[in-house]
Amino acid sequence: MPPHPLLDAETVDALEPYLEEIGTVFHAFREQDSGCVSYGVAIGGERWFVKGATESEATTSLCRAVKVHAAVQHPAIVPLQHSFDIAGGLALVYPWVDGTVLYHPTVSRHGGRTAPDSPMAQFRRLPVPVILRALDVLSGEVVDGETGLG
């Protein structure tokens, strides 16, 4: 089987140019207050979420994430597929999952959880049974593999 440009990568100089070389970057999350920059990238028929850090605090955070993923697997947690070094930091590779981030801290707008139009506020306005099904997924109380959230 030929090497996969993301899943077999060991070290790259600069993340974004590498992603543009091996696929199509269809989304960039640049203003994260974590110090990370993340990308949605399509390679062939696959879509990936790649999160990179070159600042020391952000790199330390991604190193912790690797350890958490090694210790915890859960159907509601998107699994880490691979990690590789980038100049001055680390990159993590996950399968792309469509969805909405409930809390989206950015450099220009820190969270906005309480704003009426925020994803968190929209989630809180859902009918109680829908919210309870979401919590059931997190607690492992999924009946017959169905969440009813789809």
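Higher on the page you've got the structure.
Treat the numbers as computed from the prediction; the structure is a model and nothing was measured. (Residues numbered from 1 in each chain as written. Predicted model: local features only at pLDDT ≥ 70, side-chain atom pairs only at ≥ 80, totals over all residues. Heavy atoms only, no water.)

Caption draft 1: Here's a closer look at helix α4 (residues 128-139). Across its twelve residues, α4 extends 16 Å between first and last C-alpha, which sits within 8% of the 16 Å expected from 1.5 Å per residue. Along α4, the positions that sit buried rather than exposed are I131, A134 and V137. Down the axis of α4, the smallest arc covering the buried residues is 115°, so these residues share one side. On its buried face, α4 sits against α3 (119-124). Looking at the residues trailing α4, positive phi occurs at G140, about 90°. (Helix = DSSP H or I, 4+ residues; strand = E, 2+ residues; numbered from the N terminus. Expected span 1.5 Å × (residues − 1). Buried < 20%, exposed > 50% of the residue type's maximum accessible area, 1.4 Å probe, protein only. Arc of directions from axis to C-beta. Contact = heavy atoms within 4.5 Å.)

Caption draft 2: View of the sheet that holds strand β1 (residues 11-12). Spatially, six strands are ordered β1-β5-β6-β4-β3-β2 in an open sheet, and the strand pairing comes out mixed. Sheet topology places β1 and β2 (24-29) at the edges, where each strand pairs with a single neighbour. The pairing of strand β5 (residues 82-86) with strand β6 (residues 89-95) spans five bridges and is antiparallel. Residue pairing in the sheet places I86 in a bridge with G89 of β6. (Pairing = 2+ DSSP bridges.)

Caption draft 3: Fine view of the layout of surface pockets. There is about 180 Å³ of room inside the second largest pocket. What lines the second largest pocket is a set of 16 residues, and nearest its centre among them are V37, G52, A53, T54 and I86. At the level of secondary structure, the elements contributing two or more residues to the lining of the second largest pocket comprise α1 (15-22), β3 (36-43) and β4 (46-53). It is β3 that provides the largest number of residues to the lining of the second largest pocket, a total of three residues. (1 Å grid on protein atoms, 1.4 Å probe; cavity = no way out; pocket = protein on both sides within 12 Å on 5 of 7 lines; lining within 4 Å. Points joined across faces, edges and corners; volume = space filled by probe spheres on them.)

Caption draft 4: Broad picture of α1. Turning to α1, its buried residues are L15, E16, Y18, L19 and I22. One side of α1 carries all its buried residues, which in axial view fall inside an arc of 160°. The elements touched by buried residues of α1 are β1, β2, β3, β4, β5 and β6.

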